[in-house]
Amino acid sequence: MSGLHAEAAKAMMACGEEYVKKMELEAKLESEHCAEKVKAELEALHNPDELAQVQYIEGLSAVVSQLLQTIQETTGWYGSIYLGGPDPCVAGDVRVFRKGSTGLSFHEVLADHHTCVVEPFTMFLKGAVPVKLTIGHDPIFI
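Every value quoted in this text rests on a predicted model; they were computed, and no experiment measured them.

**Digging into the overall build of the protein**
At step 1: Across its full length, the protein holds six helices and four strands.
At step 2: Reading the protein from its N end, one meets helices and strands in the order α-α-α-α-β-β-α-α-β-β.
At step 3: Taken over 142 residues, the protein has a buried fraction of 14%.
At step 4: In the form shown here, the protein has an accessible surface area of approximately 11200 Å², with 62% of it arising from carbon and sulfur atoms.

Written as structure tokens, this is what we have:
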């Protein structure tokens, strides 16, 4: 590999110093462009718009199912996962998502599951999630 590097450097020098500087500048500009593109993509991931949030929420079932299946296959353990938060599909109201391991589900063996688990978890979420009010066009979180 070092032989190839040396030949490339020799070829560039044969074209003259001006050519080398031009190539270095082009490489630097391309690198900066790529870095800015990656920064923008990361920003979009950290601050998703409403459509992206809906897609992420809709994808939870498959992700959580795979996680629970992998845990069960590798450890023999079973589980239930409860997640929740503001759902853009219902005007930002808090929604609870529950997924259990395949087979017998936790919510099936607890007769008053909704009262004992879902309602307290929903109250927790409502306390944890900031309330968003819109005054004019500006959202205010309280």
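**Quick look at the pattern of salt bridges**
At step 1: Tallied over the full model, the rule gives three salt bridges.
At step 2: Where glutamate 36 meets lysine 39, a salt bridge forms, and the shortest distance between an N and an O atom there is 3.7 Å. Here lysine 39 and glutamate 36 lie together in helix H2 (residues 17-46), a separation of three residues that amounts to about one turn.
At step 3: Using a relative accessible area of 52% as the deciding quantity, one classes lysine 39 as exposed.

About the thresholds
- Residues numbered from 1 in each chain as written.
- Predicted model: local features only at pLDDT ≥ 70, side-chain atom pairs only at ≥ 80, totals over all residues.
- Heavy atoms only, no water.
- Helix = DSSP H or I, 4+ residues; strand = E, 2+ residues; numbered from the N terminus.
- Buried < 20%, exposed > 50% of the residue type's maximum accessible area, 1.4 Å probe, protein only.
- Areas by Shrake-Rupley, 256 points an atom, 1.4 Å probe, with all protein chains shown as cover.
- Salt bridge = Lys/Arg side-chain N within 4 Å of Asp/Glu carboxyl O.

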